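Read off the chains here:
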Amino acid sequence: MTGLGKLLILAVSLSGLCAGAASAGEDASGLNATGQWSQINTGSAPTPPMGWNSWNAFGVAITEAKVLGSAQVIHDRGLQERGYLYINLDDGWWLKRRTSDGRMQVRVNLFPSAATGGPDGSSLRPFTDRLHQMGFKAGIYSDIGFNACSQAWSPDNPNLPEGSQAEREVGLMGHARQDISLYFKDWNFDYIKVDACGLSAYRPGNPMVANGHFRQFGPIIADAQVNRSDIGAVKALYSDVRDALRAVRPQGDFVLSLCNWGSANVRAWGKGVGSMWRTSNDIDPSWGRMLHNFDTVATRELYAGPGHWNDPDMLEIGNGVFDADHLVEARTHMSLWAIEASPLIIGTDLTRAPQSIIDILGAPEVVAVSQDRAGHQGVIAYADSEREIIVKSLSGTGEKAVVLLNRTAERTSLVLTPAHLKLAGDKPIALRDLWAQKDLGALHGLKAFDLGPHEAMLLKASGAPVLADGLYLSEAPAWINVAVDGVRVPEPDPIIHRMMDPYHLSTTSNGNHPVYAGWGGPRADATPYDQGLAIAGSPYRYGLGALANSRLQVKADGGFSQFAAKVGVDDSSRGKTAAVRFELYGDGRLLASSKPKRFGEAAQDLSVSITGVKVLELVARQLADSDGNMVVSWAEARLTK
Ligand code: GLA
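Residues numbered from 1 in each chain as written. Predicted model: local features only at pLDDT ≥ 70, side-chain atom pairs only at ≥ 80, totals over all residues. Heavy atoms only, no water.

Asker: If you had to explain the overall build of the protein to someone new, which residues and values would you point to?
Answerer: The helix and strand inventory of the protein stands at 17 helices and 31 strands. For the protein, the C-alpha radius of gyration of 26 Å lies close to 26 Å, the compact-globule estimate for 641 residues. The C-alpha extent of the protein, read off along each of the three principal axes, is 85 × 70 × 50 Å. Out of the 641 residues in the protein, the part that is buried amounts to 58%. Intrachain contacts of the protein at a sequence separation of at least 6 include 74% that bridge at least 24 residues. As displayed, the protein offers around 23900 Å² of accessible surface, 53% of which is attributable to carbon and sulfur atoms. Charge separation in the protein, taken as the distance between the mean sites of 60 positive and 68 negative side-chain charges, equals 4 Å. (Helix = DSSP H or I, 4+ residues; strand = E, 2+ residues; numbered from the N terminus. Rg over C-alpha atoms; globule rule 2.2 N^0.38 Å. Buried < 20%, exposed > 50% of the residue type's maximum accessible area, 1.4 Å probe, protein only. Contact = heavy atoms within 4.5 Å. Areas by Shrake-Rupley, 256 points an atom, 1.4 Å probe, with all protein chains shown as cover. Lys, Arg positive; Asp, Glu negative; His and termini not counted. Charge placed at Lys NZ, Arg CZ, Asp CG, Glu CD.)

Asker: An account of the packing of helix α14 (residues 327–339) against helix α15 (residues 355–362) is requested, with residue identities and associated values reported.
Answerer: The N-to-C vectors of α14 and α15 enclose an angle of 20 degrees; their axes lie 10 Å apart at closest approach. Taken as axis vectors, α14 and α15 run roughly parallel relative to one another. As for the relative orientation of α14 and α15, their crossing is right-handed in sense. Of α15, the residues touching α14 (which contributes L327, A330, R331 and M334) are S356, I357, I360 and L361. Here the residues of the contact of α14 with α15 sort into 6 nonpolar, 1 polar and 1 charged. (Axes fitted to C-alpha atoms, helices over the stretch in contact; angles between N-to-C directions. Parallel < 35°, antiparallel > 145°, perpendicular 65-115°, else oblique. Left-handed = near helix turned anticlockwise from the far one by under 90°. Nonpolar A, V, L, I, M, F, W, Y, C, P; charged D, E, K, R; others polar.)

Asker: I'd like a description of the sheet that holds strand β1 (residues 50–53), backed by residues and values.
Answerer: Spatially, the 8 strands line up as an open sheet ordered β9-β8-β7-β6-β5-β2-β1-β10, and their pairing is parallel. Of all strands in the sheet, those with a lone pairing partner are β9 (309–311) and β10 (344–346), marking the two edges. Going across the sheet, the axis of each strand differs from the next one's by a mean of 25 degrees, ignoring polarity. Inspection of the sheet shows strand β6 (residues 191–195) paired to strand β7 (residues 255–259) by 5 bridges, in the parallel sense. Bridging across to β7, I192 finds its partner in L256. Against the sheet, helix α8 (residues 176–186) engages β5 (137–143) and β6, with an angle of about 150 degrees to β6. (Pairing = 2+ DSSP bridges.)

Asker: Tell me about the site of the ligand, and please be specific about residues and values.
Answerer: Around the ligand sit 13 residues, and of these D90, D91, K193, D195 and D282 come closest. At a separation of 2.7 Å, an oxygen atom of the ligand approaches a polar side-chain atom of K193. Between W261 and the ligand, the recorded distance is 3.2 Å, taken from a side-chain N or O atom to an oxygen atom. Of all elements in the fold, only α7 (149–153) and β6 reach the threshold of two or more residues within the shell around the ligand. Classifying every residue of the shell around the ligand by side-chain character gives 6 nonpolar, 1 polar and 6 charged. (Near = heavy atom within 4 Å. Polar contact = N/O pair within 3.5 Å; in protein donor to acceptor, adjacent residues only side chain to side chain.)

Asker: Residues and numbers for the domain arrangement of the protein, please.
Answerer: The domains assigned to the protein are domain 1 (3–14 + 55–322 + 335–354), domain 2 (379–471) and domain 3 (526–640). On a C-alpha basis, the centres of domain 1 and domain 2 stand 36 Å from each other. Of the roughly 1100 Å² buried between domain 1 and domain 2, counting both surfaces, carbon and sulfur atoms make up 73%. Among the residues domain 1 hides against domain 2, the three largest losses belong to W287, S335 and I339. Together they make up 53% of the total. Where domain 1 meets domain 2, there are 1 salt bridge. Put simply, D295 and R407 hold a salt bridge, and the shortest N to O gap is 2.8 Å. Put simply, domain 1 and domain 2 have 4 residue pairs in polar contact (both at pLDDT 80 or more) between them. For the side of domain 1 that touches domain 2, the elements supplying multiple residues, two or more each, are α13 (287–298) and α14. Broken down by element, the residue count for the side of domain 1 that touches domain 2 peaks at 5 residues, all from α13. (Domains from an automatic or database assignment. Buried area = accessible area lost by both parts, 1.4 Å probe. Salt bridge = Lys/Arg side-chain N within 4 Å of Asp/Glu carboxyl O.)

Asker: Which residues make up the pattern of salt bridges, and what values do they have?
Answerer: Scanning the model with the defined rule gives 30 salt bridges in all. For the salt bridge of D179 with R97, the shortest nitrogen-to-oxygen distance reads 2.7 Å. Of this pair, D179 sits in helix α8 while R97 sits in strand β3 (residues 94–97); the two residues are 82 residues apart in sequence, bridging distant segments of the chain. Owing to a relative accessible area of 0%, D179 belongs among the buried residues under this scheme. The exposure class of R97 is buried, given its relative accessible area of 3%. If you follow the salt bridges from partner to partner, you end up with R103, D120 and D186 in one network.

Asker: So, the environment of A401: which residues are in play, and what are the values?
Answerer: Relative to the assigned elements, A401 resides in strand β13 (residues 399–406). Sequence separation of A401 and L458 is 57 residues, and the distance between their C-alpha atoms is 7.0 Å. What A401 contacts, discounting residues up to four positions off in sequence, is I339, V369, I390, V391, K392, L394, L459 and K460.

Asker: Break down the nonpolar core for me, with residues and values.
Answerer: Ranked by size, the top nonpolar core spans 147 residues in total, and within it W93, L124, Y183, M334, F563 and W634 carry the most contacts. Apart from the residues within four sequence positions on either side, W93 is in contact with I62, M104, Q105, V106, R107, F111, L124, I140, Y141, Y183 and W187. Counting residues in each nonpolar core, the second largest holds 16 residues, with L416, L431, F449 and L451 among its members. (Core = buried A, V, L, I, M, F, W, Y, C linked by side-chain atoms within 4.5 Å.)

Asker: If you had to explain the sheet that holds strand β28 (residues 589–593) to someone new, which residues and values would you point to?
Answerer: Across the sheet, 5 strands lie side by side as β20-β25-β30-β27-β28; this open sheet has antiparallel pairing. The sheet is open, and its two edges are formed by β20 (480–484) and β28, each paired on a single side. Geometrically, the sheet is characterised by an average inter-axis angle of 25 degrees between neighbouring strands, direction not taken into account. Relative to strand β25 (residues 550–555), β20 runs antiparallel, the two sharing 4 bridges. Note on β25: the bridge partner recorded for V482 is L552.

Asker: So what's going on with unusual backbone geometry? Which residues, and what values?
Answerer: Residue P219 is reached from G218 by a cis peptide bond, and omega for that bond is 5 degrees. Inspection of the secondary structure puts P219 in the loop between α10 (207–210) and α11 (231–248). At N549, a position not held by glycine, the phi torsion is positive, near 60 degrees. The residue N549 is located in the loop between β24 (543–547) and β25 in this model.

Asker: Hey, could you go over the state of the cysteines for me, with residue numbers and the actual values?
Answerer: Put plainly, two cysteines are in a disulfide when a covalent bond ties their sulfur atoms together. For the structure on display, the rule yields 1 disulfide. Disulfide pairing places C149 opposite C197 at an S-S distance of 2.0 Å. Across the S-S bond linking C149 and C197, the dihedral sits near 95 degrees, which makes this disulfide right-handed. Remark: C197 occurs in helix α9 (residues 197–200) and C149 occurs in helix α7; sequence separation between them is 48 residues. Of the two residues examined, C149 and C197, each falls in the buried class. Just so you know, C259 is unpaired, no disulfide at all, and the nearest cysteine sulfur is the one on C149, 6.6 Å from it. Note on C259: relative accessible area 1%, which makes it buried. (Disulfide = S-S within 2.5 Å.)

And the structure:
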C-alpha cells in the first residue's frame, strides 16, 4: 500500500472515531439535525384526492358500463365541478398475465372497449381516453404480491383471473417495472391503488396454496399482529413501486395509494412512500366500522399534509346506514372525512343515488374544508368516548373548521369555547354552519350545542388567533414532519373503537383486539399515549407530546422570528430514570438546548430567535437508558413574528 493510501485510511478511521466520540449513538438514531426538510412526497396530491372507486359499490362485479355510469353522473350532476376527479377501477378488471411476455390482459367481456386485438391482445387505453375526454383522471388497481385479494377472498367469483398458476399471478410481484410502465405509459392511468393480500393471504395453511392453485408467499404481513409483520420488507416492496412510478412519470403526475390496511406500521412510514396510505381494515356501511376507521386517522394528525394523506378508506355515503334514509349518518361520515383531510373517494352506485346523497357528496362548504390548501388535518380539541370536538386550521388567518361529534345513539350536548378553537376569547368569533350554509351568530365565551343521535355539526369559526402574532405548532400539523418518532418497538394503538367485526360476527372467539401499530407516535395537544400534557404538576393545554429520542421538523419557511416552548419530561412518562436534553436546531445549526431534564423537574423555558430559519428541528435526546419509554412535552410550542 502506498503511503498516501495508509494516510487516507488513517484519516477515514480517525474521522469515524471523532464522529463516534462526539455523538455516541446519535447518528444511528437519526437524531442529528439535517437542516433539510425530509418529507419527500410521492406523486402529486396537493389536497386530499377526490374521486370514485368501484369496490364499495360493486365489489368484483365490475363492468365498464357501471364505471362509466357513475362517472357520467359525476360529470352531469355537478360533482366533477366540486373536485371529484379520479375514476378508479378496483379489483376484478384483469383476465390473466400473458406468459410469453408477462403483459397483462384485460377481462374484455367486462370491459368491451379493451378488446383492441393485435399484438397487445387487449388494452385499457380506450377506457382511459374516454375518461380523459370527460375531464377525469383514471385509476387502476393492483396488488403488491403475486396474487390479489379477490383471488383469496372471493374464490367462487366467475370473473377471477384465469389460466395456469403463472397466468393467474396478476400482482406486481416480480413485474413492478413492467406493469407500472404498461399502466402509466401505454394505458395512461394517473392513479394506482396497490393492495396487499399477496403478502398476507397466500400462507402455507391456505387450502388453495396447499393444492397448488396459488404459489405460497410469506406471509410477511400478519394483519392482526403488529410484531409479526416484516415491516422493512413490506416497505421495501412498496418503495419499489414508488420508484417505478417515478421512473415512468418523472414529473410526479401520479397518485400512489397504499392499501395494506394499517398493517406493518404503515401509519408511520406511509408518508415517505405513498401519496396516501390506508390506516385500517376495510370500511363497510355500518356505524361502528365507520367510527373504527375514523379513529385510525384521528390521532395521526402529525403524519399528514399536502402530498401525503392518512386514508381511513373510501366513502360509504349512499350505502347501508349512510343511505338516503340515514342522512344524519351520511353527513357525519362526510364531516369526519373532511375535517381529517382524508381522501374523498365515493363508493356508491351513483346511477341510483338520490339527489339527497349527491347533495351531501357535493356540499360546497364541506368539500372546501376537505380541500383547504393548507392541508392541516383536524386536531382533537376535546374527546370522551361519546363526544368529540375536532378542529382543523384553515388557510385563512383566524379561520378554523370544527366538528362537534355525537358518537352515540342518544341525544347529547356539548359546549364549544374559544380555547378549543385557539381563537381569542375577547374578540368576536363568527360561527357558520357549513351544512346549512347559514351564519349562526357569534361565539361569546362559550356556546352549547344539542346533537341528535349520531349527529355531527360542521362549523367554520372566524376570529382573531389566540396568539396575536403567531401560532401554536399544534395549530399547524401539516408544517410538522415526524423525522424520527422515538418508537423502539411497535405497539398497537388501544384507543381505536373496536367495532363488531363484520367478518367474524360470532362472539365465540375472545374478541377484537387492537391491531394497528403507531401508538407512541408524537401528537398535537396530547402525549404519545393520549394523556394531557403536564410537566411537574402544571398542565398545558397546547403543545406537542413525543417520546424521547425523537426529531420533529417544522417548516417555518423563514416567516417567524421567535420559537418558544416550555420543555420537560412529561408527568405521564413511563420511564422515570433517564435525563432528556431538548435541542432546537435552525437549518441544521444548534440554536438552543435545555439542561438535562428529569422526571418531576419544572419545565424550562426555551425561547430563541429564528429569524430567517426555514427548517426547525426539535430534538429530544435521551441521555441514558431508562426504565421505560420517556415521554416528553414541548408545551406551548409556538412560533411568533
Ligand atoms: C381489499 C381492499 C379493498 C378492496 C378489496 C378488493 O380488501 O382493502 O379496498 O380493494 O381488497 O378485493
